[in-house]
Number of protein chains: 2
Amino acid sequence: MREVGIVGVGHTNFGKFSGGTFIDMISMAAVEALDDAGVKLAEGQHGIDQVFVATMGAGILNKQSGIASALVDTLNLRPAMAETVENGPASGASAIKLGYMAIASGMCDAVLVVGGEMMRVVSGWEGTDFVATMLHPEAEYNYGITLPTLAGMFTRLCMEKYGITEKDLAIVSVKNHENALHNPVAHLHIVPNLYAITEDEDAGIVNPYVASPLRLYSVCPVSDGAAAVLLCAMDKADRFAKKPVKIAGIGQATDTHAVAEREVSTDLLAVRLAAQNAYEMAGLKPEDIDVAELHDAFQILEIVESEEVGFFKRGEGHIAARNGETKIGGKIPINTSGGLKAKGHPLGATGVSQVVEIVKQLRGEAAGRQVKGAKAGLAVNFGGFGNNVVATILTKEAE
Amino acid sequence: MREVGIVGVGHTNFGKFSGGTFIDMISMAAVEALDDAGVKLAEGQHGIDQVFVATMGAGILNKQSGIASALVDTLNLRPAMAETVENGPASGASAIKLGYMAIASGMCDAVLVVGGEMMRVVSGWEGTDFVATMLHPEAEYNYGITLPTLAGMFTRLCMEKYGITEKDLAIVSVKNHENALHNPVAHLHIVPNLYAITEDEDAGIVNPYVASPLRLYSVCPVSDGAAAVLLCAMDKADRFAKKPVKIAGIGQATDTHAVAEREVSTDLLAVRLAAQNAYEMAGLKPEDIDVAELHDAFQILEIVESEEVGFFKRGEGHIAARNGETKIGGKIPINTSGGLKAKGHPLGATGVSQVVEIVKQLRGEAAGRQVKGAKAGLAVNFGGFGNNVVATILTKEAE
C-alpha cells in the first residue's frame, strides 16, 4: 500500500467564532494548513486533488449542504474533487481515513482534510438535543436520553466497578485544563480548583451536577472551531515545505448503536478493536506510543480509553492518572492539547484537531506542552457513545 | 491500482415511503443488494469491511446523525467501518467513489454503499428550501434563488442560444416517462401527453409553469427512496453469487459554487471534466458507451449533459432527442430507468440508483427496457447546480 503522510496543519481558535460564516471558519484552518505546507494558492499550482470536510452539524445546525464544494470554490481549488463526511463526533478522524484511502488507492497525490463545527449558534437544550441526534432514535433518544445522561450512568457504573472517586475524575479535568494553558488555540485557559470545590458543601454553586455524578467541569464545553491537515503521498512529499509525519496506522470499529445492548456495559469495545487494528497496521505496540490524544468528552472516557488502547490494565487507568503517569513528563502523556475538556470540542473538528496536536508533538512544535523526543503518537476519536471509533497512529520518520 | 466491481444491487420503490424509519428504508435496499450478491447475513460471515451511506437530508430533514453506524448495527455488520457521505444530489456517486477508493487502497475487500433520502416528510416550500441549501448561501440563496428558478433561467438561456423549443423539452420528459413504465421501482408510471398540453390554451391547468419556461412536468418529483450496491475487489469476487460488473472509470470535478460566476453560463464544465476523467481512466470514448443515466432533475440538464459527455456536438442534443437517438433502440439510450424525471429523485439515493440501472443493463436484467447487448454504461450524477459532478463508467467483463 502506498504510504501517506501529513505535511501541513492548521487550526482556528476554539471557542466562539464570530468572524464570519461556517465556510469562512473552515477556510481559515485550511489556508493555515496549506500555508504550513508551503502551498501557494495564488499561483494556482496547488496540486490538491481532493478535499474532505468533516462536520456533523452543517446541515442540522447551519442549514447548509455541499459545504465541501463551497470550500473548494472559496479556496480556488477547482476542479478538485470534494465530499463532506459525517460520523458524529468522529467525523474528523473519518475524513482523515478517507484522505488516506484516496492517496493509498493511487487516485490522489494530495488531499486537504478540514473538520469544523459551528455549534454556538444554538443555546442550551437545543445544543444538547443536536448532540443527541447521534443516539439510537428509537431505543435511546425517544426515552429522553442525552449524551450527558448516558455518560453519567456510564461513569457511575465504572466508579462502582473499579473504585473510581469523584476526585479521580477531577484529576483528569485539572490535568487537561493545565495542559490547555500552553495551547493558544484552546477554548478554556483557566484551571478550576476542582479538588476544593468537589469537597466543599457549596460545590453546587460553581460546579453543579449536570447529570450525577457528572458536574459542569466533568464535561467538555460547546465550542466553535475548525482544524485542517494536508495529506500527501510519501513518494510525492518533496515538493512541500515541511517534512511529512507518517500516518502509520488507522483502525476503526463499530459497536451496537444502543449502549444498553452491549455485553459489558463498562467496556468500550470499539475503542479496543480500533486501537488493535491501528497498532497492527503500524507494527507498533501500546508501549511504543509517546503521546496520545484520547476523546475526553467526559472525564471517564479518557480513563477507560487509556485502558482499552492498552496503556494501562482494565480498572487501573484512574490509578495511573492519580500517580501523574498521564501528565506531560509522565509515562504516557494524554491530551497534551488540553483535550476536548479544555481545548474544546467542535464535533466535526475534533478528530482533525487531535491529529494536528500529534503532528505538532512529533515535529517538536508543541512549545510549553512539548513531550520531549516524541516519535509516535496515537489519537482516538469517538463517535456516538462509542458506536463508531477511529484510532490513528502517526510516526516521525527517521532524520 | 486494484480493480473493483459490483456484485450486488438493491432498490426500494421510489415514491412515498411509509414503511418505517429512514434506517428501515435504507436497510431494505441494503438487504436486497446483499441478497443479490448471495451474502448470508444470518451466518455472520458477511465479510463486509466498510459501509458508506449517502444522504443529503438525514440531518436537515430527519434530524439524525450517525446514520451509517446505525445501519451497520441494524444489519449486524459490526465491527465494519462506517461513514455518511454528503455531496448534495451527487452524494450517491460520491459514496460509490469512496467505496472504490477503499477497495483500491487495499484497506477493504468488500464495501456496501447505500444511498437514501426521505424527502416527503416536508411539504411544498419546505422541500424547495431544503434543496436550496446546496446553493451559494450568500450569492444565491439569500436572493431567493431556488433550484427550479435557477434551472428556469438556465433553460431559457439554452433555448435562446441553441433554438431549443418547449416541445424539445417535452420530448425528454415523455421519453423518460415512457421508459419508467417498464421500471417497477419508478415513482411515476404515467405518460403525460405533454405535446398536446403545451400547445393547448388550457396548459396552465394541468401542466402549469413553475418557473418559466419550466412547467410541472419539466421537473423531477419529490421522492423517498433508497438504492444500494455491493462493491468488491475483482480479485475477491469469486465468493459472491453474481459475476461482477467492473467499475472501469470514475471522474469528478467541481465548478464555481455560484452559477453566475461561470465563464459560459450555458456550459456545464464540471460534467465535461468529470466525463473526460472517467473516459481516460476507463480507456474508453463516448462512442464506446451503450447506455447512459444522465442527471435530468430538469429536462435541459439531460440535453446539455448529453453534449458535455461527448454523445452529441454542443447545441445538437435536442435535435438528437427529436430524432429519437436517445430512446431505447436509438444511437445512445439515455435514462432507460425513467431518469430522475419519472423514476424519481430521492437526492442521496439517485447516484446509487443510476449505477444500479447500469448494472442491470449490463447484466441483461432490465426486462422491458433492456438495451440489447449493452457492454459499457455511463452514469452522471450532478451536485449543486453543476458545482460538483461525478461520472462513473461500468463495463461488462468478457464472458
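Residues numbered from 1 in each chain as written. Chains lettered and ligands numbered in written order. Predicted model: local features only at pLDDT ≥ 70, side-chain atom pairs only at ≥ 80, totals over all residues. Heavy atoms only, no water.

### A look at the interface of chain B and chain A
Okay, so step 1: Residue-level contacts link 54 residues of chain B with 54 residues of chain A.
Okay, so step 2: Inspection of the region where chain B meets chain A yields two salt bridges.
Okay, so step 3: The partner of lysine 97 of chain A in a salt bridge is glutamate 83 of chain B, with the nearest N and O atoms 2.8 Å apart.
Okay, so step 4: Across the chain B-chain A interface, the total number found is 28 residue pairs in polar contact (both at pLDDT 80 or more).
Okay, so step 5: Mapped by element, the contributors of at least two residues to the side of chain B that touches chain A are β2 (50-54), α2 (67-74), β3 (81-86), α3 (91-104), β8 (245-254) and α9 (269-282) of chain B.
Okay, so step 6: Counting residues per element, the side of chain B that touches chain A draws most heavily on α3 of chain B, which supplies seven residues.
Okay, so step 7: The class makeup of the residues in the side of chain B that touches chain A is 26 nonpolar, 19 polar and nine charged.
Okay, so step 8: Where strand β3 (residues 81-86) of chain A lies against β3 of chain B, three bridges are found, and the strand directions are antiparallel. If you follow glutamate 86 of chain A over to β3 of chain B, its bridge partner there is threonine 84 of chain B. (Contact = heavy atoms within 4.5 Å. Salt bridge = Lys/Arg side-chain N within 4 Å of Asp/Glu carboxyl O. Polar contact = N/O pair within 3.5 Å; in protein donor to acceptor, adjacent residues only side chain to side chain. Helix = DSSP H or I, 4+ residues; strand = E, 2+ residues; numbered from the N terminus. Nonpolar A, V, L, I, M, F, W, Y, C, P; charged D, E, K, R; others polar. Pairing = 2+ DSSP bridges.)

### Details of the relation of the copies chain B and chain A
Okay, so step 1: When chain B is fitted to chain A, the best match, at an RMSD of 0.0 Å, comes from turning it 180° and sliding it 0.0 Å along the axis. What we have between these two chains is a two-fold relation. Across chain B, the smallest distance between a C-alpha and the rotation axis is recorded for serine 105 of chain B, namely 1.8 Å.
Okay, so step 2: Same-surface contact between copies: 100% of interface residues of chain B are shared with the interface of chain A. (Least-squares fit on C-alpha atoms with pLDDT ≥ 70 in both.)

### Points about the pairing of strand β1 (residues 4-11) of chain B
All names here are of chain B.
Okay, so step 1: Along β1, eight of the eight residues are buried, which leaves the element largely enclosed by surrounding structure.
Okay, so step 2: In terms of strand pairing, β1 meets strand β7 (residues 225-233) through seven bridges, oriented antiparallel. Its bridge partner being in β7, isoleucine 6 is matched across the sheet by leucine 231.
Okay, so step 3: Pairing of β1 with β8, which is carried by two bridges, proceeds in the antiparallel orientation. Paired with isoleucine 6 across the strands is valine 245, a residue of β8. (Buried < 20%, exposed > 50% of the residue type's maximum accessible area, 1.4 Å probe, protein only.)

### Topic: the packing of aromatic side chains
Okay, so step 1: Evaluation of the coordinates by the stated rule reveals four aromatic pairs over all chains.
Okay, so step 2: Taking 5.3 Å as the distance between ring centres and 70° as the angle between the ring planes, the aromatic pair formed by phenylalanine 154 of chain A and phenylalanine 385 of chain A counts as edge-to-face. On the criterion of sequence distance, the pair formed by phenylalanine 154 of chain A in helix α5 (residues 147-162) and phenylalanine 385 of chain A in the loop between β10 (376-383) and β11 (388-396) is long-range, its members being 231 residues apart. For the pair phenylalanine 154 of chain A and phenylalanine 385 of chain A, one class covers both residues: buried.
Okay, so step 3: Seen in terms of ring centroids, phenylalanine 382 of chain B and phenylalanine 385 of chain B are 5.9 Å apart; in terms of plane orientation they differ by 85°. Their pairing is edge-to-face.
Okay, so step 4: Classification of phenylalanine 382 of chain B as buried rests on a relative accessible area of 2%. (Phe/Tyr/Trp six-rings, centres within 6.5 Å; stacked < 30°, edge-to-face > 60°.)

### Section: helix α10 (residues 299-308) of chain A
Residues and elements named next belong to chain A.
Okay, so step 1: Taken across its 10 residues, α10 has 10 buried, putting it largely inside the fold.
Okay, so step 2: For α10, the set of buried residues is Gln299, Ile300, Leu301, Glu302, Ile303, Val304, Glu305, Ser306, Glu307 and Glu308.
Okay, so step 3: As for α10, its buried residues are in contact with α5, α6 (166-180), α9 (269-282), α11 (317-322) and β10.

### Overview of the packing of helix α1 (residues 22-36) of chain B against α2 of chain B
Residues and elements named next belong to chain B.
Okay, so step 1: Across the interface, α1 lies against α2 with an axial gap of 10 Å and an inter-helix angle of 60°. Judged on the interaxial angle alone, α2 and α1 are oblique. The two elements α1 and α2 cross, and the hand of that crossing is right-handed. Seen from α1, the contacting residues are Phe22, Ile23, Ile26 and Ser27; seen from α2, they are Ile67, Ala70, Leu71 and Thr74.
Okay, so step 2: Taken together, the residues of the contact of α1 with α2 sort by class into six nonpolar, two polar and no charged. (Axes fitted to C-alpha atoms, helices over the stretch in contact; angles between N-to-C directions. Parallel < 35°, antiparallel > 145°, perpendicular 65-115°, else oblique. Left-handed = near helix turned anticlockwise from the far one by under 90°.)

### Quick notes on the environment of aspartate 224 of chain A
All names here are of chain A.
Okay, so step 1: By secondary structure assignment, the location of aspartate 224 is in the loop between β6 (214-215) and β7 (225-233).
Okay, so step 2: Separated by 76 residues in the primary sequence, aspartate 224 and proline 148 place their C-alpha atoms 19 Å from one another.
Okay, so step 3: Not counting the four nearest positions on each side in its chain, aspartate 224 is found in contact with Asn13, Phe14, Gly15, Lys16, Phe17, Met25, Glu117, Met118, Met119, Arg120 and Pro346.
Okay, so step 4: There is a polar contact of 2.8 Å between the side chain of aspartate 224 and the backbone nitrogen of arginine 120.

### Points about the environment of threonine 146 of chain A
Residue and element names in this part refer to chain A.
Okay, so step 1: Here threonine 146 lies in the loop between α4 (124-131) and α5.
Okay, so step 2: For threonine 146 and valine 219, which are 73 residues apart along the polypeptide, the C-alpha to C-alpha distance reads 13 Å.
Okay, so step 3: Ignoring any residue separated from it by four or fewer positions in sequence, one finds threonine 146 in contact with Thr128, Ala132 and Leu135.

### Concerning the packing of helix α6 (residues 166-180) of chain B against helix α10 (residues 299-308) of chain B
Residue and element names in this part refer to chain B.
Okay, so step 1: With their axes 8 Å apart at the nearest point, α6 and α10 run at an angle of 95° to one another. As the angle between them shows, α6 and α10 are arranged roughly perpendicular. Contact with α6, carried on its side by Asp168, Leu169, Ala170, Val172, Ser173, Lys175 and Asn176, involves Gln299, Ile300, Glu302 and Ile303 of α10 and no other residues of that element.
Okay, so step 2: Across the contact of α6 with α10, the residue classes break down as five nonpolar, three polar and three charged.

### Points about the UniProt feature "domain: Thiolase C-terminal" (unreviewed entry) in chain A
Okay, so step 1: Per the UniProt record, the feature "domain: Thiolase C-terminal" (unreviewed entry) sits at residues 251-395 of chain A.
Okay, so step 2: Helix makes up 36% of residues 251-395 of chain A and strand 16%, with an end-to-end C-alpha separation of 15 Å. (UniProt positions renumbered as here; feature names shortened; annotations may be inferred.)

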